[in-house]
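Chain by chain, the residues:
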4 protein chains.
Amino acid sequence: MLEQLRDAVLEANLALTAHGLVTLTWGNASGIDRERGLVVIKASGVPYASMSAADLAVVTLDGEVVEGGRPSTDTPTHLALYAAFEELGGVVHTHSTWATAWAQATREIPVLGTTHADFSPFPVPVARELTASEVDAGYEASTGAAIVDAVGDRCTAEVPGVLLPWHGPFAWGATPAAAVENAVTLEQVARVALLTERLRPQPRPIPGPVLAKHFERKHGPRAYYGQR
Amino acid sequence: MLEQLRDAVLEANLALTAHGLVTLTWGNASGIDRERGLVVIKASGVPYASMSAADLAVVTLDGEVVEGGRPSTDTPTHLALYAAFEELGGVVHTHSTWATAWAQATREIPVLGTTHADFSPFPVPVARELTASEVDAGYEASTGAAIVDAVGDRCTAEVPGVLLPWHGPFAWGATPAAAVENAVTLEQVARVALLTERLRPQPRPIPGPVLAKHFERKHGPRAYYGQR
Amino acid sequence: MLEQLRDAVLEANLALTAHGLVTLTWGNASGIDRERGLVVIKASGVPYASMSAADLAVVTLDGEVVEGGRPSTDTPTHLALYAAFEELGGVVHTHSTWATAWAQATREIPVLGTTHADFSPFPVPVARELTASEVDAGYEASTGAAIVDAVGDRCTAEVPGVLLPWHGPFAWGATPAAAVENAVTLEQVARVALLTERLRPQPRPIPGPVLAKHFERKHGPRAYYGQR
Amino acid sequence: MLEQLRDAVLEANLALTAHGLVTLTWGNASGIDRERGLVVIKASGVPYASMSAADLAVVTLDGEVVEGGRPSTDTPTHLALYAAFEELGGVVHTHSTWATAWAQATREIPVLGTTHADFSPFPVPVARELTASEVDAGYEASTGAAIVDAVGDRCTAEVPGVLLPWHGPFAWGATPAAAVENAVTLEQVARVALLTERLRPQPRPIPGPVLAKHFERKHGPRAYYGQR
């Protein structure tokens, strides 16, 4: 049961380290089996070097643990995202260096080039600050709600990630592997955007036609990028 | 047929990853067989980790696919360069971090040192912005035309690469391996130039005699660098 | 005798290199056996690449060498920390890049995000400057005393590391491995804090409730992070 | 003949790559046999990945090639240093990223911390600009003369490296391995100094007593660092 999903979630967690997005244990990837209503997620505080399928937990959408050790402390955030967005198959959270710098600066990442436009036509948003009572009562679930607010009425394929203020990025996709790919892209977009501002403090925004072209040729109905 | 060229192009694509110029699938290297008029290029959206000769496409100079999967979306740009510059044997495109920062800042890279002078006696130019109609009708071929404009009446050995505004670098050479070497050099030149400006916002330009000496000792008619 | 501690200290020293905190021989990790009153520490100037248990020295709390070659020149600093703080089981010193930049800038690291809050509720302090006579008479022991002053009346679990001005970080923990983990965290906190200031010169401090939540959920009496 | 020196020079060249100081073929290490008056140096333009003892050249102090392919174009610079400073056993030149940024900014590296003080009590100097006629007639030998001028009446153990303006670093030592170690240190000192200035534009200089203490405990007559 869930063997394929477990494999995909284990692979996604290991990919976070391989891509340099994770220091020590700070990150987690999950995946969902929509039919069974079960989420597989990294257990809390587990080191990546020796991670195996046994270090994954299985929880219901209500957060009840069905199998494995204590799930990641961020599990309620993942669950809020799966509940809000039916199309999601995987969710990733990290404290990756460059995206975290933007998060700590509480600044959205502007669309400065085609690398960003290949990923999203919008700036990467910063979720709103939680109130003290939201932090006290269900901090992690409130965090999920704030991310959902930040996506707003846009579709998750156009907003594949969000920054938590003073914290770091969340990213998602149709599968755990796609969520990792979006987390990798968000990190690189964050890095190059910071460097771009060093070279030109107020960068000229990417012209609209080029932005649209890049997003559409990769994700639009007439996409012609990749093997299909 | 084309076996040697296929090997060279595969090796060039893998070298892009080995040199850290490529994130995920964002980059492509090609090579040309001038006698047959055929170009070998990476297929679109293919991951580098498992790439083999089967992940290469063969196209004519008119862009007709002769063998393999869908070629890189950037193929028309490569073809425009091969058509304009007979001396080119290889072309490379990446979104490498530091060169992309200059591209997103829409700034040419000034000649700040001998690493640059060993590569080119000119600043690395930024190609002109495309018009909305150029983007709509044949974006990738128009991109190639803009690169050709940026080289202008100089020879490609003196302008071994160009930045696409809001996008990233293209580089080239007599072979796919030489194109990769120029892409690696351009990235390092971009990196050190950005750091130099941190230490001195208006760096003094490299004196003319040193610039000329370095380019000439490596590329001039009386070059004395390397084994010959 | 001390075999387990020797293994732990060797592993901690090797982990410093594996985490990229050490250039050449610049760093050292130690551990203590409280019952026997013996400290195991890296020998002075030994390269990491070929390090074995034979490159460790054993010293008393008075600094007398019991076994092995000349101990690290920084040994008196380690001993001062073990003497002042009974709860410490391991101590680490490095010249890691980003933490050393803050140390050379003689600036404490402000709490800019949850990565920091997961580690400590306080800014990372800078120890006071030594007087000329402190430098002359027992420089390394005086350094230890200055670190103890910087912790002040707080507990070491809340101040898991300190910056030496113009020098670099010291970090500690209940075991040599925990000390390494704190050194890794301090370096990443230092790196992201520097980058955050590039994006926003006067960053808004992390709100108090989020800071408290993160430190408490990991280290407080009702902690719910990790497997327990 | 010279087998041991050849091994040491090969190892030093390979260490440049292992320490990340070299891109492509841009760097060279040499060593000298003072009794025979012969210098072993990397051949020009040779790739590091496949380098073997056969890729080394042997030259006299007058620059006559005794064995091997064409020596590095920078050979006359190395020879000038060996001629001027009898105590040198190894010389290294690279275009390493951070030291090259300072060189391109034509700024000496100030002594901002103990990492620098462990290496040299002086700022890392920038050699003077060559005149046009020095560039024309014997550029590489003139470069050597300018480095000798930059060391001045100080001893090479106190000035273990120099920056060439708009170019990059030279470093040296009693052996090829010691020269590599100084090149590695110079690069790290350059990196942390640049980052320090980001955090504090006009850093307070390291206090004199700490500077003296660190240089003396490692290199002075009563040094107590390392195994002796």
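What counts, and where the lines are drawn
Residues numbered from 1 in each chain as written. Chains lettered and ligands numbered in written order. Predicted model: local features only at pLDDT ≥ 70, side-chain atom pairs only at ≥ 80, totals over all residues. Heavy atoms only, no water. Helix = DSSP H or I, 4+ residues; strand = E, 2+ residues; numbered from the N terminus. Expected span 1.5 Å × (residues − 1). Buried < 20%, exposed > 50% of the residue type's maximum accessible area, 1.4 Å probe, protein only. Arc of directions from axis to C-beta. Contact = heavy atoms within 4.5 Å. Buried area = accessible area lost by both parts, 1.4 Å probe. Salt bridge = Lys/Arg side-chain N within 4 Å of Asp/Glu carboxyl O. Phe/Tyr/Trp six-rings, centres within 6.5 Å; stacked < 30°, edge-to-face > 60°. Lys NZ or Arg CZ within 6 Å of the ring centre and 35° of its normal. Polar contact = N/O pair within 3.5 Å; in protein donor to acceptor, adjacent residues only side chain to side chain. Pairing = 2+ DSSP bridges. Axes fitted to C-alpha atoms, helices over the stretch in contact; angles between N-to-C directions. Least-squares fit on C-alpha atoms with pLDDT ≥ 70 in both. Parallel < 35°, antiparallel > 145°, perpendicular 65-115°, else oblique. Left-handed = near helix turned anticlockwise from the far one by under 90°. Nonpolar A, V, L, I, M, F, W, Y, C, P; charged D, E, K, R; others polar. Core = buried A, V, L, I, M, F, W, Y, C linked by side-chain atoms within 4.5 Å.

Participant: Teacher, can you tell me more about helix α1 (residues 3-18) of chain D here?
Facilitator: Note that an α-helix has 3.6 residues per turn; residues three or four places apart therefore point the same way. All names here are of chain D. Compared with an ideal rise of 1.5 Å per residue, which puts 16 residues at 22 Å, α1 spans 22 Å between its outermost C-alpha atoms and is within 8% of the ideal. Every buried residue of α1 is accounted for by Leu5, Arg6, Val9, Leu10, Ala12, Asn13 and Leu16. Looking down the long axis of α1, one finds its buried residues gathered within 155° of arc, a one-sided arrangement. Structural note: α1 exposes Glu3, Gln4, Glu11 and Ala18 on the side pointing more than 90 degrees away from its buried face.

Participant: Can you walk me through the interface of chain D and chain C in this structure?
Facilitator: Interface extent is often summarised as the accessible area lost during association of the parts. Between chain D and chain C, the contact holds 34 residues from the first and 32 residues from the second. Buried surface at the junction of chain D and chain C, both sides included, amounts to about 3,100 Å², of which 56% is carbon and sulfur. Contact with chain C buries area across many residues of chain D, yet Leu199, Tyr225 and Gln227 of chain D alone supply 21% of it, more than any other trio. For the interface between chain D and chain C, the tally reads three salt bridges. When the shortest N-O distance is used, the salt bridge between Glu129 of chain C and Arg204 of chain D registers 3.1 Å.

Participant: Help me out: how do you make sense of the packing of aromatic side chains in this one?
Facilitator: Remark: the centre distance and the inter-plane angle together describe each pair of aromatic rings, the angle taken between the planes. Counted according to the given criterion, the structure contains zero aromatic pairs over all chains. Note that Lys218 of chain A overlies the ring of Tyr225 of chain A, its terminal NZ or CZ placed 4.5 Å from the centroid.

Participant: Just to check I follow, could you spell out the interface of chain B and chain A for this structure?
Facilitator: With 32 residues of chain B in contact, the opposing surface of chain A contributes 34 residues. Summed over both partners, the interface of chain B with chain A comes to about 3,100 Å²; 56% of that surface belongs to carbon and sulfur atoms. Of all residues in chain B, Arg70, Gln104 and Trp166 of chain B bury the most surface against chain A, accounting for 23% of the area lost on that side. One can count three salt bridges joining chain B with chain A. Linking chain B with chain A are 18 residue pairs in polar contact (both at pLDDT 80 or more). Broken down by secondary-structure element, the contributors of at least two residues to the side of chain B that touches chain A are α3 (97-104), α5 (132-136), α6 (139-151) and α7 (176-199) of chain B.

Participant: For this particular structure, what's the right way to read the sheet that holds strand β6 (residues 161-164) of chain A?
Facilitator: Adjacent strands of a sheet pair through backbone hydrogen bonds, lying either parallel or antiparallel. All names here are of chain A. Read across the open sheet, the seven strands follow the order β4-β3-β2-β1-β5-β7-β6; overall the sheet is antiparallel. Looking at which strands have only one partner, the edges of the open sheet turn out to be β4 (65-67) and β6. Averaged over all adjacent pairs, the angle separating strand axes in this sheet is 25°, with direction ignored. Taken strand by strand, helix α7 (residues 176-199) contacts β1 (27-33), β5 (90-94), β6 and β7 (168-173), and its axis lies near 140° from that of β7.

Participant: How should I be thinking about the relation of the copies chain B and chain A in this particular structure?
Facilitator: Between the two chain copies there is a screw-like relation: a rotation about an axis and a shift along it. Structural alignment of chain B on chain A gives an RMSD of 0.0 Å, achieved by rotating through 90° and translating 0.0 Å along the axis. Accordingly, the operation relating the two chain copies is best matched by a four-fold axis. Of every C-alpha in chain B, the one belonging to Arg198 of chain B sits nearest the axis of rotation, 5.8 Å from it. Different-surface contact between copies: only 3% of interface residues of chain B are shared with the interface of chain A.

Participant: Sorry if this is basic, but what is going on with the packing of helix α2 (residues 75-84) of chain B against α6 of chain B here?
Facilitator: Relative placement of two packed helices is described by the angle separating their axes and the distance separating the axes. Residues and elements named next belong to chain B. Between α2 and α6, the least distance of the axes is 7 Å, while the angle of their chain directions is 40°. Relative to α6, α2 is oriented oblique. The chirality of how α2 crosses α6 is right-handed. Note on element contacts: α6 touches α2 through Glu140, Ala141, Thr143, Gly144, Ala145, Ile147 and Val148, opposite Pro76, Thr77, Ala80, Leu81 and Ala84. Considered class by class, the residues forming the contact of α2 with α6 number eight nonpolar, three polar and one charged.

Participant: Would you explain the pairing of strand β5 (residues 90-94) of chain B in this entry?
Facilitator: Within a regular beta strand, the side chains point alternately toward one face of the sheet and then the other, so they alternate between its two faces. Residues and elements named next belong to chain B. Across the five residues that make up β5, a large majority, five, are buried. In β5, alternate side chains face the same way, and those of Gly90, Val92 and Thr94 on one face and Val91 and His93 on the other are all buried. Here five bridges tie strand β1 (residues 27-33) to β5, and the two strands are oriented antiparallel to one another. Directly across from Gly27, in β5, lies its bridge partner Thr94.

Participant: What should I look at first to understand the side chain of Thr196 of chain C in this one?
Facilitator: Along the chain, Thr196 of chain C turns up in helix α7 (residues 176-199). Taking relative accessible area as the criterion, Thr196 of chain C reaches 0% and is therefore assigned buried. There is a polar contact of 2.9 Å between the side chain of Thr196 of chain C and the side chain of Gln104 of chain A. The contacts of Thr196 of chain C, once residues within four sequence positions are left out, are Ala101, Gln104 and Ala105 of chain A together with Leu112 and Pro203 of chain C.

Participant: Would you explain the arrangement of the chains in this entry?
Facilitator: Chain C makes no contact with chain B, the minimum C-alpha separation between the two being 12 Å. One finds no contact between chain A and chain D; the C-alpha atoms of the two approach each other to within 12 Å at their closest.

Participant: Just to check I follow, could you spell out the sheet that holds strand β1 (residues 27-33) of chain D for this structure?
Facilitator: All names here are of chain D. As summarised here, the arrangement of the seven strands in space is β4-β3-β2-β1-β5-β7-β6, forming an open sheet in which the pairing is antiparallel. The sheet is open, and its two borders are formed by β4 (65-67) and β6 (161-164), each paired with just one other strand. Neighbour-to-neighbour, the strand axes of this sheet turn through a mean angle of 25°, independent of strand direction. Strands in contact with α1 are β1, β2 (38-42), β3 (56-60), β4 and β5 (90-94); relative to β1, the strand with the most contacts, it is inclined by about 160°.

Participant: Just checking my understanding: could you explain the pairing of strand β2 (residues 38-42) of chain C for this structure?
Facilitator: Residues and elements named next belong to chain C. In terms of residue burial, β2 counts as a mostly covered element, since five of its five residues are buried. Inspection of the sheet shows strand β1 (residues 27-33) paired to β2 by four bridges, in the antiparallel sense. Residue pairing across strands places Ile32 opposite Val39, the latter belonging to β2. Hairpin connection between β1 and β2: a loop of four residues separates the two successive antiparallel strands, and Gly37 in this loop has a positive phi of roughly 65°.

Participant: So what exactly am I meant to see when it comes to the nonpolar core here?
Facilitator: Considering soluble globular proteins, one finds that nonpolar side chains tend to be buried as a cluster. Ranked by internal contacts, the top residues of the largest apolar core, which has 76 residues, are Ile109 of chain A, Ile109 of chain B, Ile109 of chain C together with Ile109 of chain D. Mapped by element, the contributors of at least two residues to this core are α3 (97-104) and α7 of chain A, α3 and α7 of chain B, α3 (97-104) and α7 of chain C together with α3 (97-104) and α7 (176-199) of chain D. Excluding anything up to four places from it in sequence, Ile109 of chain B contacts Trp102, His116, Pro123, Val124, Leu163, Leu186, Val189, Ala190 and Ala193 of chain B.

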